[in-house]
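Chains, contacts and geometry: an overview
So the chains spell out like this:
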Amino acid sequence: RTKTQNFCRNEYNLTGLCNRSSCPLANSQYATIREEKGRCYLYMKTIERAAFPRRLWERVLLNKNYEKALEEIDENLIYWPRFIRHKCKQRFTKITQYLIRIRKLTLKRQRKLVPLRRKIERRENRREEKALIAAQLDNAIEKELLERLKQDTYGDIYNFPIHAFDKALQQQDVESESESDAEKEDDDEDTDTREFVEADDSDLSDFEDMDKLETSSEEEQEEEEEVEKKASHSTSKGKTPLKGPARRKRRYIEIEYEEETEPTTRTKAA
Amino acid sequence: AGDGSGLVGAAVDDGGPPAPERVLFPPTFSVSEIKNKQRRHFMFLRWKQQQRKEKLAAKKKRRKEREALGDKAPPKAVPKTIENQRVYDETTVDPNDEEVAFDEATDEFAPYFNRQTVPKILITTSDRPRGRTVRFCEQLSTVIPNSHVYYRRGLALKRIIPQCIARDFTDLIVINEDRKIPNGLVLSHLPDGPTAHFRMSSVRLRKEIKRTGKEPTEHVPEVILNNFTTRLGHSVGRMFASLFPHDPQFIGRQVATFHNQRDYIFFRFHRYIFKSEKKVGIQELGPRFTLKLRSLQKGTFDSKFGEYEWIHKRREMDTSRRKFHL
């Protein structure tokens, strides 16, 4: 109900508004267009059949062709009041237009809305959280990476001096490192500051290693720096400590490795 | 309850005198019988403290006994977890199973695992993606090497699939969106491969992840697949593995992880560094999301005529809390 108009609930109404002129109950001579299953029909009511409610509304099937249907309306409603004729044609136009639109839409893909169930949503969310906690992702990833390191999938990139190795071997490594120094990123500040920190973090063997290197060098500043650089480079070859996002330095080590093993391990027993 | 109320009567105002070492409750006394809420609460707290003390004492005693016994002590009791209690699934893959090995050698991923094909991936969304989804797609494409993002302007999936195959794509990822957040993922292996439909949840973009470093570089990351035990899990795991090129560049030190836990697959992308032989540090970069498998179809994406290998049926499959399918 709008401010000025009522809507009529009668299904045979022509305009949809409740007026004296467009009420099917109030007028004894009336016509409407209604559509059923995509076909349009013209319904007519005349005063002669007012006594027979069953035969009251006469139905005429209209042509599928728009213009021909309009002509049919005209010839059926000849001698009828202008208002009804006009409104019938208008209604017919509107109906055909919306039928066309329906047909067009069904051809396109339509988004299917699947209703969510609130209880299930909540249950899934809760289970997800618990699974996340149970998963302990960081630990799992770290374990997996260490496993791969042990199984030598990385080849020779990282060499962690195990106690069994000779110190001489390490020294040799250091010397070969210095040759490839040019390739690595040089960062004086970092290596200097890192030097102290690394002494705390690294393994015992490295500690001894660095000590040895330090003591073996002369006390000239340059050489010390060089050795420090070498030491830090050699030890930091695989072990640049993670000091938070600000201090991350990526060392792109160019080393060729022959074998590439499949990195995916698929089964891990729960 | 003469004793009890007498004790409490003095305690109403200031929360009570300090609890005595051993509070003796008369045996027929129950905390819930006191009508006064404040007193009842106080007595309950006292009772709780006592319980805790007893428990601690029992634990200590047990530990002493254990130490006293030394080697002969009974083994430590393992707490029950859902993973421990998981209902045994018959389709669990035995690592030595020949049939499974044979299947894997002949299924749709064989050419990938034999290194005959290089993955090339097309990432797209549903119609009219909103900002979050678009950004997520971009980040995903940086994570997965050799991937391209294309906008879907109302194109039907059925039509674009033949075009993709013609242009040599191996995989198609469609990210479905709802109310401005991505919530579904369709992963389809293209030359006539299986299609998996996932529900995606808790998507975090790179800027929402704390302590993330620089962007993922162009190096090919490694792949970790955890906990894919059953046959179904196996095939899903292989699908994920086939997204990434087979030769990871260890220089890049990046790793993408798909971790399955209780049927939820968590995806993370990290950069790792080995601090020492036994310690590794990881830093998370790249987006993260969790997936839950909804259905697995045999052919490419086809909602009406496809042959479903597995659908999640809520009524049947969600009945037990200890039964998982992946």
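Report follows, based on the coordinates. All values derive from a computational prediction rather than experimental measurement. (Residues numbered from 1 in each chain as written. Chains lettered and ligands numbered in written order. Predicted model: local features only at pLDDT ≥ 70, side-chain atom pairs only at ≥ 80, totals over all residues. Heavy atoms only, no water.)

**Observations concerning the overall build of chain A**
The helix and strand inventory of chain A stands at 8 helices and 3 strands. Taking all 270 residues of chain A together, the buried fraction comes to 34%. Long-range pairs, those at least 24 residues apart, make up 46% of the contacts in chain A between residues at least 6 apart in sequence. When the accessible area of chain A is evaluated, it comes to approximately 18,800 Å², of which 49% is carbon and sulfur surface. (Helix = DSSP H or I, 4+ residues; strand = E, 2+ residues; numbered from the N terminus. Buried < 20%, exposed > 50% of the residue type's maximum accessible area, 1.4 Å probe, protein only. Contact = heavy atoms within 4.5 Å. Areas by Shrake-Rupley, 256 points an atom, 1.4 Å probe, with all protein chains shown as cover.)

**What about the packing of helix H3 (residues 98-106) of chain B against helix H7 (residues 231-241) of chain B?**
Residue and element names in this part refer to chain B. It is the contact of H3 with H7, at a shortest axis distance of 12 Å, that shows an interaxial angle of 30°. For the element pair H3 / H7, the angle class is roughly parallel. When the axes of H3 and H7 are compared, the crossing they make is right-handed. Of the residues in H7, those touching H3 at Glu 99, Val 100, Asp 103 and Glu 104 are Arg 231, His 234 and Arg 238. When the residues that make up the contact of H3 with H7 are grouped by side-chain class, the tally is 1 nonpolar, 1 polar and 5 charged. (Axes fitted to C-alpha atoms, helices over the stretch in contact; angles between N-to-C directions. Parallel < 35°, antiparallel > 145°, perpendicular 65-115°, else oblique. Left-handed = near helix turned anticlockwise from the far one by under 90°. Nonpolar A, V, L, I, M, F, W, Y, C, P; charged D, E, K, R; others polar.)

**Details of the sheet that holds strand E2 (residues 39-45) of chain A**
All names here are of chain A. A sheet is described by the order of its strands in space; here 3 strands give the open sequence E1-E2-E3, paired in antiparallel fashion. Looking at the sheet topology across the chains shown, the edges are occupied by strand E1 (30-36) and strand E3 (57-61). Direction aside, neighbouring strands of the sheet carry axes that sit 25° apart on average. As defined by bridge partners, E2 adjoins E3 across 5 bridges and the pair is classed as antiparallel. Residue pairing for E3: Lys 45 is matched across the bridge by Trp 57. Contacting E1, E2 and E3, helix H1 (residues 66-76) runs over the sheet at an angle of about 10° to E2. Packing against the sheet, helix H2 (residues 82-107) makes contact with E1 and E2, and its axis sits at approximately 10° to E1. (Pairing = 2+ DSSP bridges.)

**Some words on helix H6 (residues 157-166) of chain B**
All names here are of chain B. If you check which residues of H6 are buried, you get Leu 157, Ile 160, Ile 161 and Cys 164. One side of H6 holds all its buried residues, which, seen down the axis, span an arc of 115°. Away from its buried face by more than 90 degrees, H6 exposes Arg 159 and Ala 166. Tucked into the core, H6 has its buried residues touching strand E1 (121-125) and strand E3 (171-178). Looking one or two residues past H6, Asp 168 carries a phi angle of roughly 75°, positive in sign. (Arc of directions from axis to C-beta.)

**Considerations on helix H3 (residues 118-135) of chain A**
Each α-helix turn comprises 3.6 residues. Residues three or four places apart therefore point the same way. In this model H3 of chain A runs 25 Å from its N-terminal to its C-terminal C-alpha over 18 residues, within 8% of the 26 Å that 1.5 Å per residue would give. Within H3 of chain A, burial applies to Ile 120, Glu 124, Glu 128, Ala 131 and Ala 135 of chain A. The buried residues of H3 of chain A occupy one face: seen down the axis, they fall within an arc of 75°. Of the exposed residues in H3 of chain A, the ones pointing more than 90 degrees away from its buried face are Arg 118, Lys 119, Arg 122, Lys 130 and Ile 133 of chain A. Where H3 of chain A is buried, its residues contact helix H4 (137-150) of chain A together with strand E5 (195-204), strand E7 (254-261), strand E8 (264-274), strand E10 (288-297) and helix H8 (314-317) of chain B. (Expected span 1.5 Å × (residues − 1).)

**Observations concerning the pattern of salt bridges**
Residue and element names in this part refer to chain A. As enumerated under the stated definition, the model contains 13 salt bridges over all chains in all. For Glu 36, the salt bridge is made with Arg 59, and the minimal N-O distance between the two is 3.4 Å. Of this pair, Glu 36 sits in strand E1 while Arg 59 sits in strand E3, and the two are 23 residues apart along the sequence. A relative accessible area of 40% means that Glu 36 is categorised as partly exposed. Across the pair Arg 49 and Glu 58 runs a salt bridge, and its minimum N-O distance is 3.4 Å. (Salt bridge = Lys/Arg side-chain N within 4 Å of Asp/Glu carboxyl O.)

**Points about the nonpolar core**
Formed by 42 residues in total, the largest nonpolar core has its most connected members in Ile 173, Ile 175, Phe 198, Phe 240, Phe 258 and Ile 265 of chain B. Counting residues per element, this core draws most heavily on H7 of chain B, at 5 residues. Filtering out sequence-adjacent residues up to four positions away, Phe 198 of chain B remains in contact with Asn 183, Gly 184, Leu 185, Leu 187, Val 236, Phe 240, Ile 265, Leu 291, Lys 292, Leu 293 and Arg 294 of chain B. Within the second largest apolar cluster, 24 residues are counted, among which are Tyr 12, Met 44, Ala 69 and Ile 73 of chain A. (Core = buried A, V, L, I, M, F, W, Y, C linked by side-chain atoms within 4.5 Å.)

**Digging into a negative patch on the surface**
Residues and elements named next belong to chain B. Where like charges cluster on the molecular surface, the negative patch consists of Asp 94, Asp 97, Glu 98 and Glu 99. Mapped onto the elements of the fold, Glu 99 is located in helix H3. Accessibility expressed as a relative area gives 53% for Glu 99, which makes it exposed. (Patch = residues over 30% accessible without salt bridge, like charges linked within 9 Å, V, L, I, M, F, W, Y side chains within 5 Å. Lys, Arg positive; Asp, Glu negative; His and termini not counted. Charge placed at Lys NZ, Arg CZ, Asp CG, Glu CD.)

**Section: the packing of aromatic side chains**
The relative placement of two aromatic rings is captured by the distance of their centres and the angle of their planes. All names here are of chain B. All told, the structure shown has 13 aromatic pairs over all chains when counted by the stated rule. Pairing Phe 198 with Phe 240 gives two aromatic rings, centres 5.6 Å apart and planes at 25°, and the pair type is stacked. One end of the pair, Phe 198, is in strand E5; the other, Phe 240, is in helix H7, and 42 residues separate them in sequence. We classify Phe 198 as buried; its relative accessible area is 0%. The exposure class assigned to Phe 240 is buried, which follows from its relative accessible area of 2%. (Phe/Tyr/Trp six-rings, centres within 6.5 Å; stacked < 30°, edge-to-face > 60°.)

**What about a positive patch on the surface?**
A cluster of like positive charges, contributed by Arg 117, Arg 118, Lys 119, Arg 122, Arg 126 and Lys 130 of chain A together with Lys 80, Arg 314, Arg 315, Arg 321 and Arg 322 of chain B, occupies part of the molecular surface. Looking at the positive patch, the elements that each hand over two or more residues are H3 of chain A together with H8 of chain B. Here the element with the most residues in the positive patch is H3 of chain A; it accounts for 5 residues. Inspection of the secondary structure puts Lys 80 of chain B in the loop between helix H2 (37-69) and H3.

**Let's talk about the packing of H1 of chain A against H2 of chain A**
All names here are of chain A. Two elements in contact, H1 and H2, have axes whose closest approach is 10 Å; the angle formed by their N-to-C orientations is 155°. Comparing the axis directions of H1 and H2 gives the class roughly antiparallel. Of the two elements, H1 crosses H2, and the hand of that crossing is right-handed. Counting all contacts with H1, which are made through Tyr 66, Ala 69, Leu 70, Ile 73 and Asp 74, the residues of H2 involved are Arg 85, Cys 88, Lys 89, Phe 92, Thr 93 and Thr 96. In terms of residue class, the contact of H1 with H2 is built from 6 nonpolar, 2 polar and 3 charged.

**Considering unusual backbone geometry**
Despite not being glycine, Asn 146 of chain B has its phi angle at roughly 65°, a positive value. On the secondary structure map, Asn 146 of chain B appears in the loop between helix H5 (131-143) and strand E2 (147-149).

**Quick word on the pairing of E3 of chain B**
Residue and element names in this part refer to chain B. For E3, a buried count of 6 out of 8 residues is recorded, marking the element as mostly surrounded by other parts of the structure. Here E1 runs beside E3; their pairing, made up of 5 bridges, is parallel. Across the sheet, residue Thr 125 finds its bridge partner in E3, namely Ile 175. Here 8 bridges tie E3 to strand E4 (residues 181-189), and the two strands are oriented antiparallel to one another. Residue pairing across strands places Leu 172 opposite Ser 188, the latter belonging to E4. Two successive antiparallel strands, E3 and E4, enclose a turn made up of 2 residues, where Arg 179 displays a positive phi of approximately 55°.

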